[in-house]
Amino acid sequence: MKSEVRELLTEELKDAYSAEKQALRCMQRALRKASAEALRQGIQTHIEQTQVQIERVEQAMEKMNVRPGRKVCEAMRGLVEEAQHEIEKHDERGPILDLIIVAGMQRIEHYEIAAYGTDVALAEALGEKEVADLLSQTPD
């Protein structure tokens, strides 16, 4: 059973890596469309945080001897596609587009919070304290 949990965590880490990379690209595109300065600053801060989160996932994978491979997080792909579609539908910059950007980013964040909670629980179940500690820093 432990090997199956390890395999599950391995796949979850690959998924998290893909999700973070996709979210980063989405935020970079959203930053170009946002008009409110507070939103632009918030997205820029989140881009910087996401880059750190990617590094943490890489560290966790390294500790478990896992390579990201070509796995694509399909859930994040869907969330990003939906956010991009909505942004493109309302291409006129201003408060409505800013609200659409915020809504898309919130959906992405809620998915990440749920995914990291699962990943931390799996790492703890395996006794991978360092991995659990690394991963728990993201939702904190």
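Description of the packing of helix 1 (residues 2-33) against helix 3 (residues 74-89)
- Two numbers describe how helix 1 lies on helix 3: the axes approach to 9 Å, and their chain directions differ by 10°. Comparing the axis directions of helix 1 and helix 3 gives the class roughly parallel. The segment helix 1 lies against helix 3, with A19, Q22, A23, C26, R29, A30 and K33 engaging M76, R77, V80, A83, Q84 and I87.
- Its residues placed into classes, the contact of helix 1 with helix 3 shows eight nonpolar, two polar and three charged.

Concerning the environment of G42
- Considering the arrangement of structural elements, one finds G42 in helix 2 (residues 37-63).
- Sequence separation between G42 and E58 is 16 residues, and the spatial gap between their C-alpha atoms is 24 Å.

Overview of the side chain of Q22
- Note that Q22 resides in helix 1.
- Among the polar contacts listed, one links the side chain of Q22 to the backbone oxygen of C73, at a separation of 3.2 Å.
- In this view, Q22 contacts V72, C73, M76, R77 and V80; residues no more than four positions away in its chain are not counted.

What about the nonpolar core?
- By size, the foremost hydrophobic cluster in this structure holds 42 residues, and its most contacted members are I43, M76, I101, I108 and L135.
- If you tally residues by element for this core, the top one is helix 1, at twelve residues.
- Not counting residues up to four positions away in its chain, the partners in contact with M76 are A19, Q22, A23, I108, Y111 and E112.

Some details on the pattern of salt bridges
- Applying the stated criterion across every chain, the model contains seven salt bridges.
- Residue K14 is joined to E11 by a salt bridge in which the shortest nitrogen-to-oxygen separation is 3.6 Å. With K14 and E11 both in helix 1, this residue pair falls three residues apart, about one helical turn.
- The shortest N-O distance in the salt bridge between K89 and E86 comes to 3.4 Å. With a gap of three residues between them, K89 and E86 both fall in helix 3, about one helical turn apart.
- Note on E86: relative accessible area 25%, which makes it partly exposed.
- Connected via shared salt-bridge partners are E11, K14 and K71.

Parameters and conventions
- Residue indices follow the written sequence of each chain, beginning from 1 at its first position.
- Under the rules for a predicted model, residues below a pLDDT of 70 receive no local features and side-chain atom pairs below 80 are neither given nor counted, while totals for whole chains, interfaces and linings still include all residues.
- Side-chain metrics in this entry use all non-hydrogen atoms of the structure; hydrogen atoms and water are not considered.
- Throughout, an axis means a line fitted to C-alpha atoms (over the contacting stretch in the case of helices), and angles, computed between N-to-C directions, take values from 0 to 180 degrees.
- In DSSP terms, a helix is any run of H or I states spanning at least four residues, a strand is any run of E spanning at least two, and both are numbered starting from the N terminus.
- Just so you know how the angles are binned, under 35 degrees is roughly parallel, over 145 roughly antiparallel, 65 to 115 roughly perpendicular, and the rest oblique.
- Here, two residues are considered to be in contact whenever any of their heavy atoms come within 4.5 Å of each other.
- Here the term charged refers only to Asp, Glu, Lys and Arg, the term nonpolar to Ala, Val, Leu, Ile, Met, Phe, Trp, Tyr, Cys and Pro, and the term polar to all other amino acids, Gly among them.
- Nitrogen and oxygen atoms within 3.5 Å of one another constitute a polar contact, given that in protein one can donate a hydrogen and the other can accept it, and given that sequence-neighbouring residues count only through two side-chain atoms.
- Residues grouped as a nonpolar core are buried Ala, Val, Leu, Ile, Met, Phe, Trp, Tyr and Cys residues, joined through side-chain atoms within 4.5 Å.
- Whether a residue is buried, partly exposed or exposed follows from its accessible area with a 1.4 Å probe, protein chains only, as a fraction of its type maximum: under 20%, in between, or over 50%, in that order.
- We count a salt bridge whenever a side-chain nitrogen from Lys or Arg sits within 4 Å of a carboxyl oxygen from Asp or Glu.

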